[in-house]
There are 2 protein chains.
Amino acid sequence: MLTWERTQHHGTTSILEKLVGLPFQKIAHKVTTIDTQPSLPGANAIVIAVTGQVLIDEETRPQQFMQVFQLVEDNGFFIFNDIFNLNYA
Amino acid sequence: MLTWERTQHHGTTSILEKLVGLPFQKIAHKVTTIDTQPSLPGANAIVIAVTGQVLIDEETRPQQFMQVFQLVEDNGFFIFNDIFNLNYA
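Residues numbered from 1 in each chain as written. Chains lettered and ligands numbered in written order. Predicted model: local features only at pLDDT ≥ 70, side-chain atom pairs only at ≥ 80, totals over all residues. Heavy atoms only, no water.

**Q** Which residues make up the interface of chain B and chain A, and what values do they have?
**A** Taken together, the contact pairs 33 residues of chain B with 33 residues of chain A. When chain B packs against chain A, close to 2700 Å² is buried across both sides, 59% of that on carbon and sulfur atoms. Contact with chain A buries surface across chain B, with D35, Q37 and L40 of chain B losing the most and accounting together for 23% of the total. In this structure, the connection of chain B to chain A is made through two salt bridges. Of the charged contacts, one joins D35 of chain B and R6 of chain A as a salt bridge, the two residues approaching to 2.6 Å between their closest N and O atoms. Taken together, the connections running from chain B to chain A amount to 18 residue pairs in polar contact (both at pLDDT 80 or more). Residue assignment for the side of chain B that touches chain A shows that the elements contributing at least two residues are β1 (2-4), β3 (27-38), β4 (45-56), β5 (63-73) and β6 (77-86) of chain B. (Contact = heavy atoms within 4.5 Å. Buried area = accessible area lost by both parts, 1.4 Å probe. Salt bridge = Lys/Arg side-chain N within 4 Å of Asp/Glu carboxyl O. Polar contact = N/O pair within 3.5 Å; in protein donor to acceptor, adjacent residues only side chain to side chain. Helix = DSSP H or I, 4+ residues; strand = E, 2+ residues; numbered from the N terminus.)

**Q** Quick one: what's the story with the relation of the copies chain B and chain A, residue by residue and with numbers?
**A** When chain B is fitted onto chain A, the two copies agree to an RMSD of 0.0 Å after a turn of 180° and an axial shift of 0.0 Å. Given the turn and translation reported, the copies of this chain are related as if by a two-fold rotation axis. (Least-squares fit on C-alpha atoms with pLDDT ≥ 70 in both.)

**Q** Residues and numbers for the packing of aromatic side chains, please.
**A** Across all of its chains, the model carries six aromatic pairs over all chains by this definition. Ring centres of F65 of chain A and F84 of chain A lie 5.8 Å apart, and the angle between their planes is 20°; on these two criteria the pair is classed as stacked. One end of the pair, F65 of chain A, is in strand β5 (residues 63-73); the other, F84 of chain A, is in strand β6 (residues 77-86), and 19 residues separate them in sequence. Of the two residues, F65 of chain A and F84 of chain A, both sit in the buried class. Between F78 of chain B and F80 of chain B, the aromatic rings sit 6.4 Å apart at their centres with planes inclined by 65°, giving edge-to-face as the arrangement. The exposure class of F78 of chain B is partly exposed, given its relative accessible area of 36%. Three or more aromatic residues link up through ring pairs in this structure, and these residues are W4, F65 and F84 of chain A. (Phe/Tyr/Trp six-rings, centres within 6.5 Å; stacked < 30°, edge-to-face > 60°. Buried < 20%, exposed > 50% of the residue type's maximum accessible area, 1.4 Å probe, protein only.)

If you want it as structure tokens, here you go:
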């Protein structure tokens, strides 16, 4: 599942539609922190919290963001949870 | 597990020591966003991402924060994962 700035998208098709439809042409990420923790016992999964800055298209003022993932192992890792938020002052 | 500004604390004793030892007397939270997603199938758990501002002691300039939880149901919900970060510009 992807939560992108308040809106939830379930499943591959819906998530791809959202990502392909984002209204900017380019984006630069500068990651400030990455923290990981093991998820539930026996789950072969990890919880990851990322903070940093994004610079969208030709903007010169970076915006703070946070993103949370849960990755699950199943013949390689895949993204099970994904929450992205800009942090407004 | 608690990750507080880069440092990890495992288990109730270590987490309580960290929280009791925090070097401020009071803190005010203003929550801006709360996003939740169901965690792994069959786990009875939820992933929660929070953003907002904190005001520490007598400071007048709020700081941005993000916090991630995973809550697990086991005769009520308890906090399994907790990651707290201030977001510096």
